[in-house]
Amino acid sequence: MSVIPSTSYEGLPYLDQVKIEVGVEPDVALLRLETGEIHLMGDPPPGAEWTRISNDPAWQDRIEIQPQVSTIYIAINVTWPPFDNVLVRRALNHAIDKERIIQLLNGRGTVANQILPPLMPGYDPDYKGYDYNPEKAKALLAEAGYPDGFETSIECIAVEPQPKLCESFQEDLAQIGIKLTINTLAAPNVIDDAGNGRTPLTWSGGLAWIQDYPDPDDFYGPILGCDSNVPGGWNWSRYCNKELHAKAMELLTITDREKRLQGYKELFRALMDDAVWVPIFNGVYTVAHSEKLRGEATLTHPEHSLRYETMWLEQ
Amino acid sequence: MAVASSDLQERESAKPTTCAIDARVAEHIVVSDSYLTMTWRRLRRDRAAMLGAVLIGLIVLAAIFAPVLSPHDPTKQYRDGLTKGGQPVPSTLVTDGSLRFPLGTDPNGRDLLSRILYGARVSLIVGVLANALAVAIGTFIGSVAGFFGNPLETILMRFTDIMMAFPTLLLAMTLVAILKPSMWIIILVIGLVYWTWIARVIYGQVVALRERDFVVASRALGSPRSYTLTRHILPQLVPTIIVWGTLGIATNVMLEASLSYLGIGVQPPTPSWGGIIQQGQSFYRTAPWLVIFPGLAIMVTIFAFNLLGDGLRDALDPSQKGRL
Amino acid sequence: MGAFIARRLIQAIPVLIGISLLTFVLIYYLPADPARMYAGPSARAETVERIRHELGLDQPFWVQYFRYVGRLLQGDLGFSYRKQIAVTTLILNRLPYTLALIGAGILVELVIGLTVGIASAVGRGRWMDRLGMFIALLGVSTPPFWLGLLLLYWFGYLIPIFPLGGAASPAHLVLPALAAGLGGAAWYARMMRSSMLDVLANDYVRTARGKGARERLVIVRHVLPNALNPIITMAGMDIPWFIGGVVLVERVFNWPGVGRMAVEAIETVDVPLILGTVIFTAVMVVISGILIDVVQSIVDPRIRHFVRSETAH
């Protein structure tokens, strides 16, 4: 696919043409970048190569690392027994070793303890969340009436590194007696099943949730609000709390910034109390390019869109 | 297959052909104690077959004693099983001379050696049981079609032809995907797609046998047909069944590994050799051990069953000796 | 010749009917509901019922079956749930890549396999023969996907002679063809050797030798043509198996063929696409079986006079 700039615009862009090739595996794309065949990789560099290139001085000005305004999470379907029991959902929150996930991601992420990512207004730096504590998780399960655990399943997309992360959850949950089956499917199938309440747990890795707009409502309305709890909606927790929803609707109308953000802090604390997710990590966006490619300081926007119009090639 | 020089249609490992033991030869084989003793003697002298038997013995022992032999729990993800950067760890024998992870670790920081040892269980259980099922179905269909004649003969053998038109792996993939993968489903599916080759061989032999004197005599004496089939014909098929029972395992181990490689095999966290390769293949350049060792395990297992199967065929049917 | 081909085509009809019946049984008894799949996950129950009626899914088994056969005869394999494109179109778009891989793979199988087989048979019992047959047995024991990954590692990465994946140039075809073909080459080598030894034991070969004909001449004139004959028959048995290897190899090398599409269809639970691929390849297997018989009847005209039965041993 080629993109040729319109001639009716002065100044930008600098490039005469952008050729986009789709369907190239990330490891092949990286090698082609090394041989100079291409200038920019669309995918993040593959995990197997990340440690090597990120530690290689020759690569230092060829990779960009940007925090991404995102929270990647396990959505817990609150209508699916036994997850209709909040104690079970809280147990899940104590059971997952998030540090391990960061390690499996080659450090490309930071541990998340709440729904909002740190770069989002309304993020609560004082909130500590659920600590990694399998003993406590077991105790909660026992309290909920499942001292020997139970069997359940999670859906994950079939793209690296997601299946690997799901296997890590599987191992963590096995420690507290939950036997987790992993259903690895293509992305559209996971979105379908999660959006229609056909799976108890959904791993959002590779799918959601990256900010659309810099307002905390973006992490409530489209994915946890009552209006998104419809067939095909992105409320994968199938969660609708009328009382909280009324408050959230009210928050939308408040214009006082401090008051509004305080309101969101309370809202998201309440959601975490209800343990509708297991927030796992906040993403880090990485991109690799050739030394010739120059552009806006970082080549990327926090919303992970590439801005070709600001790029140029050094001769 | 009327036109092929029939003794060439020998079944070989990994790829289904027909006829392990030629129907002609079956006519002069009388299954008896002395025959079995002779066979055993011939087999003992066959060094390649003995190598195969020893290798199979070792793999079986590895599978049975996996909990004792494994340095670690095959599903446990170790903190030191990943580097700081989250990469799989290479063999600690090479890096610091310790026995911590003798073959290195997988992308989740699990011990590769333990996973390969436990993986032998899946390969052997699926290989042996699926093949037992295939041999049972194949023998039943082949002998009934061959012995009872038309219309059963035409119906059953046409059905066999139809089944043979489906590419084996593609059909197995489809059935497993529809039925949802688990070990028992995989055994069932492989058995259901693989019996056709055996049915053809058995059919060929039974057709040759049904005109033989002792069969005709048994019928003339008024024995029920089922009696003649089980008492007079089935014993004659034993050598074929033994050979196929061995060679077919090789093929089925390959099929299981292929399904696991495609992600529709035995599900995680249970380790299987094909699955280990699938999980590790994106690391093939930085951590090639994740591909090399489980692949070697698959190859050696298939090789061992092929060696023994070839040897058994030669031993049970000396006229074929040295031909393959 | 024409009569022979006609007879073979007629013989193929019951097999084709059987294929259609078996695949239809799979569709009919499948847990997934096609009407629901087409309607989409958020459709209302009435919509699903209307689509069920429109698609004729509320008709009895045999009515549905005959309609299904009617569609198959028109080359209609149904609609992909996921891609919303006709399955036939999807398959035909990918087919050239798969045919290229199959062609190159069979070339590898035959060239390497027959050469090794002939060399082994001629030098029977010598160390070359033993080594060749040892490697051949290892070869038939090697999973094609593993071989593919090893080839990628050695010749794509360690010694970067060939590209790492994709299908942009003929050079991209080399490693996949080797991965798909080497296992089969090992099998043909064993078969060819065995077939040669059979022919070598025949009286007419002894006679030719006794007359003082040179060994090379005996091999080329008398042994090879006869030894090749059963090998052609075996090519027919090889194909359903070979296709499985192609599916795996396409996956390893990211080769944009029908096999990779089938694997993707399984990940997206795209039932019409999966079954369409299965039916399509089964029909291809039947056709290639007929082609092989025709080739063989040209090589060895005696065959035409046999009343050929698929099932006779």
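Residues numbered from 1 in each chain as written. Chains lettered and ligands numbered in written order. Predicted model: local features only at pLDDT ≥ 70, side-chain atom pairs only at ≥ 80, totals over all residues. Heavy atoms only, no water.

J.: Hey, could you go over the overall build of chain C for me, with residue numbers and the actual values?
T.: Looking only at helices and strands, one finds twelve helices and zero strands in chain C. Sequence-ordered secondary structure for chain C, helices as α and strands as β, is α-α-α-α-α-α-α-α-α-α-α-α. Seen along its three principal axes, the alpha-carbon backbone of chain C occupies a region of about 85 × 55 × 30 Å. For chain C, the proportion of its 313 residues judged to be buried stands at 51%. (Helix = DSSP H or I, 4+ residues; strand = E, 2+ residues; numbered from the N terminus. Buried < 20%, exposed > 50% of the residue type's maximum accessible area, 1.4 Å probe, protein only.)

J.: Now, about the packing of aromatic side chains: what can you tell me, with residues and values included?
T.: One pass over the full model with this rule turns up 26 aromatic pairs over all chains. A ring pair is formed by A:Phe83 and A:Phe150, whose centres lie 5.7 Å apart and whose planes are at 75°; its orientation type is edge-to-face. Residue A:Phe83 is found in the loop between strand S4 (72-76) and helix H3 (86-95), and its partner A:Phe150 is found in the loop between helix H5 (134-144) and strand S6 (151-157); the two are separated by 67 residues along the sequence. Here the two residues A:Phe83 and A:Phe150 agree in accessibility, since each one is buried. When the ring of C:Phe24 is compared with that of C:Tyr68, the centres are 5.2 Å apart and the planes differ by 45°; the resulting orientation is tilted. Here the residue C:Phe24 occupies a position in helix H1 (residues 2-28), and C:Tyr68 occupies one in helix H4 (residues 61-73), the gap between them amounting to 44 residues. C:Tyr68 matches C:Phe24 in its accessibility class, with the two residues each being buried. The ring centre of A:Trp59 lies 4.1 Å from the NZ or CZ of A:Arg62, which sits over that ring. (Phe/Tyr/Trp six-rings, centres within 6.5 Å; stacked < 30°, edge-to-face > 60°. Lys NZ or Arg CZ within 6 Å of the ring centre and 35° of its normal.)

J.: Account for the state of the cysteines, naming residues and giving values.
T.: Any covalent bond linking the sulfur atoms of two cysteines counts as a disulfide. All names here are of chain A. Under the defined criterion, the tally for this structure stands at two disulfides over all chains. A sulfur-sulfur distance of 1.8 Å marks the disulfide that ties cysteine 156 to cysteine 166. Between cysteine 156 and cysteine 166 the disulfide shows an S-S torsion of about -95°. By sign, it is left-handed. Of this pair, cysteine 156 sits in strand S6 while cysteine 166 sits in helix H6 (residues 162-175), placing them ten residues apart in sequence. Residues cysteine 156 and cysteine 166 agree in their burial class; the two are buried. Between the sulfur of cysteine 226 and that of cysteine 240 lies a disulfide, 2.0 Å long from S to S. Disulfide cysteine 226-cysteine 240: the torsion about the S-S bond is 90°, which places it as right-handed. Here cysteine 226, found in the loop between helix H8 (221-224) and helix H9 (242-253), pairs with cysteine 240, found in the loop between H8 and H9; they are 14 residues apart in sequence, far enough to count as distant. With relative accessibility at 32%, the residue cysteine 240 sits in the partly exposed group. (Disulfide = S-S within 2.5 Å.)

J.: So what's going on with helix H1 (residues 26-34) of chain A? Residues and values would help.
T.: Residues and elements named next belong to chain A. Burial analysis of H1 places seven of its nine residues in the buried class, the great majority of the element. Listed as buried for H1 are Asp27, Val28, Ala29, Leu30, Leu31, Arg32 and Leu33. Residues of H1 that are buried in the fold lie against helix H2 (47-54) and strand S9 (277-288). Immediately beyond the C-terminal end of H1, within one or two residues, lies glycine 36, with a positive phi of roughly 85°. (Contact = heavy atoms within 4.5 Å.)

J.: So what's going on with the interface of chain B and chain A? Residues and values would help.
T.: The partner chain A presents 18 residues to the 24 residues of chain B that form the contact. Summed over both partners, the interface of chain B with chain A comes to about 1,900 Å²; 38% of that surface belongs to carbon and sulfur atoms. The largest contributions to the chain B side of the interface with chain A come from B:Gln77, B:Arg79 and B:Arg285, which together make up 30% of the buried area. Counting every contact that joins chain B to chain A gives three salt bridges. In this structure, A:Asp97 engages B:Arg79 in a salt bridge whose closest nitrogen and oxygen atoms are separated by 2.5 Å. A per-class count over the side of chain B that touches chain A returns seven nonpolar, twelve polar and five charged. (Buried area = accessible area lost by both parts, 1.4 Å probe. Salt bridge = Lys/Arg side-chain N within 4 Å of Asp/Glu carboxyl O. Nonpolar A, V, L, I, M, F, W, Y, C, P; charged D, E, K, R; others polar.)

J.: Before we move on, could you go through the packing of helix H11 (residues 258-267) of chain C against helix H12 (residues 271-299) of chain C and cite the residues and values that matter?
T.: Residues and elements named next belong to chain C. Put simply, H11 and H12 touch, their axes get as near as 8 Å, and they point 145° apart. Pair H11 / H12 crosses with left-handed handedness. Across the interface between the two elements, Val258, Met261, Ala262, Ala265 and Ile266 from H11 touch Leu273, Ile274 and Thr277 from H12. In terms of residue class, the contact of H11 with H12 is built from seven nonpolar, one polar and no charged. (Axes fitted to C-alpha atoms, helices over the stretch in contact; angles between N-to-C directions. Left-handed = near helix turned anticlockwise from the far one by under 90°.)

J.: Can you lay out helix H8 (residues 168-179) of chain B for me, pointing to particular residues and giving the numbers?
T.: Residue and element names in this part refer to chain B. Taking 1.5 Å per residue, twelve residues should reach 16 Å; H8 reaches 17 Å between its end C-alpha atoms and fits that length. For H8, the set of buried residues is Thr168, Leu169, Leu170, Leu171, Ala172, Met173, Thr174, Leu175, Val176, Ala177 and Ile178. Taken from the residues just after H8, lysine 180 is the one with a positive phi, measuring 70°. (Expected span 1.5 Å × (residues − 1).)

J.: Got a sec to walk through the pattern of salt bridges? Specific residues and values, please.
T.: Residues and elements named next belong to chain A. This model, assessed by the stated rule, comprises 24 salt bridges over all chains. A salt bridge links aspartate 215 to arginine 260; the nearest nitrogen and oxygen atoms lie 2.9 Å apart. With aspartate 215 in the loop between strand S8 (201-203) and H8 and arginine 260 in helix H10 (residues 257-273), the pair connects residues that are 45 residues apart, well separated along the chain. Arginine 260 carries the same exposure label as aspartate 215, and that label is buried.

J.: Tell me what's going on with the domain arrangement of chain A, and back it up with residues and numbers.
T.: In many analyses, interface size is given as the accessible surface area lost on bringing the parts together. Residue and element names in this part refer to chain A. The domains assigned to chain A are domain 1 (26-67 + 285-313) and domain 2 (72-283). Here domain 1 and domain 2 have C-alpha centroids that lie 30 Å from each other. Taken together, the eleven residues of domain 1 in the interface contact six residues of domain 2. Together domain 1 and domain 2 conceal approximately 630 Å² of surface at their shared face, both sides included; 55% is due to carbon and sulfur atoms. Connecting domain 1 to domain 2 are zero salt bridges. No other element matches the three residues that H2 contributes to the side of domain 1 that touches domain 2. In terms of residue class, the side of domain 1 that touches domain 2 is built from six nonpolar, four polar and one charged. (Domains from an automatic or database assignment.)

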